[in-house]
Amino acid sequence: MSLEVIDRHREALFEFLWCPVCGHEIFSHIPFEGVFCKNCNTQVILRESREDRGYEEAVLACFDTDSTWNLHVDEKLRRDLPDGSARVKILGAPGAYKVDWWSPAPGDDWQPVERGEFDDVDEPADISHLA
Ligand SMILES: [Zn+2]
């Protein structure tokens, strides 16, 4: 399987994608720099997969935190990627994308953060206040 880097910003795809580190779904496109999670700065690189199995599009989204970590995001509001990177394969067409697989495979050691998973997490001070 050969891959080609897609260097254009693909709007429909980024509407489907979310960040597996912090669960946010807003990405910033910085010309000549790349695409980054607006919340935690995880970098996203899209690669086209030739193995499309009949779907209109087959894309690998590669998330990388090695070079772009933003320590302002609290540990409770993020989950680090195993070895600093993870990939998700997406099949489908604009408006009808679905996740084919994650790599590494989600398991006991790591699960990608669900979309919006941390949205309801309050600051620790608020929680102790309730107790
Ligand atoms: Zn993020």
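Predicted, not measured: the structure shown is a model, and the values here were computed from it.

Caption draft 1: Spotlight on the pattern of salt bridges. For the coordinates displayed, the defined rule picks out five salt bridges. Of the charged contacts, one joins Asp80 and Arg78 as a salt bridge, the two residues approaching to 2.7 Å between their closest N and O atoms. For Asp80, a relative accessible area of 48% gives the class partly exposed. The exposure class assigned to Arg78 is buried, which follows from its relative accessible area of 12%. In this structure, the salt-bridge partner of Glu117 is Arg79, at a minimum N-O distance of 2.9 Å. Of the two residues, Glu117 is situated in the loop between strand S7 (98–103) and helix H2 (124–130) and Arg79 in the loop between strand S5 (57–64) and strand S6 (85–92); the sequence distance between them amounts to 38 residues. Classification of Glu117 as partly exposed rests on a relative accessible area of 30%.

Caption draft 2: Molecular detail of the coordination of the zinc ion. Of the protein atoms, only Cys19 (SG), Cys22 (SG), Cys37 (SG) and Cys40 (SG) coordinate the zinc ion, at distances of 2.3 Å. On the primary sequence, the residues serving as donors to the zinc ion are separated as C-x2-C-x14-C-x2-C.

Caption draft 3: Local environment of the pairing of strand S4 (residues 43–49). Pairing of strand S3 (residues 34–37) with S4 involves two bridges; the strand directions are antiparallel. Paired with Val35 across the bridge in S4 is Val44. Hairpin remark: S3 followed by S4, antiparallel, with five residues in the connecting loop; positive phi at Asn41, about 75°. Summarising the sheet, S4 and S5 pair through six bridges and their orientation is antiparallel. Bridging across to S5, Leu46 finds its partner in Ala61.

Caption draft 4: Main features of the packing of aromatic side chains. Using the criterion set out here, one finds six aromatic pairs in the structure. On the numbers, 6.0 Å between centres and 75° between planes, the contact of Trp102 with Trp110 is edge-to-face. Like Trp102, the residue Trp110 is buried in the burial classification. Every member of this aromatic cluster is reached through a ring pair, and the members are Phe16, Trp18, Phe63, Tyr97, Trp102 and Trp110.

Caption draft 5: Structural detail: the nonpolar core. Within the largest apolar cluster, 25 residues are counted, with the highest numbers of intra-cluster contacts made by Leu17, Phe27, Val44, Leu46, Ala61, Phe63 and Ile90. Listed by contribution, the elements that provide at least two residues to this core are helix H1 (11–16), S3, S4, S5 and S6. Setting aside its immediate chain neighbours within four residues, Ile90 contacts Leu13, Phe16, Leu17, Glu57, Ala58, Val59, Ala61, Tyr97 and Lys98.

The rules we used
Residues numbered from 1 in each chain as written. Predicted model: local features only at pLDDT ≥ 70, side-chain atom pairs only at ≥ 80, totals over all residues. Heavy atoms only, no water. Salt bridge = Lys/Arg side-chain N within 4 Å of Asp/Glu carboxyl O. Buried < 20%, exposed > 50% of the residue type's maximum accessible area, 1.4 Å probe, protein only. Helix = DSSP H or I, 4+ residues; strand = E, 2+ residues; numbered from the N terminus. Donors = N, O, S within 2.8 Å, 3.2 Å for Na, K, Ca; no water. Pairing = 2+ DSSP bridges. Phe/Tyr/Trp six-rings, centres within 6.5 Å; stacked < 30°, edge-to-face > 60°. Core = buried A, V, L, I, M, F, W, Y, C linked by side-chain atoms within 4.5 Å. Contact = heavy atoms within 4.5 Å.

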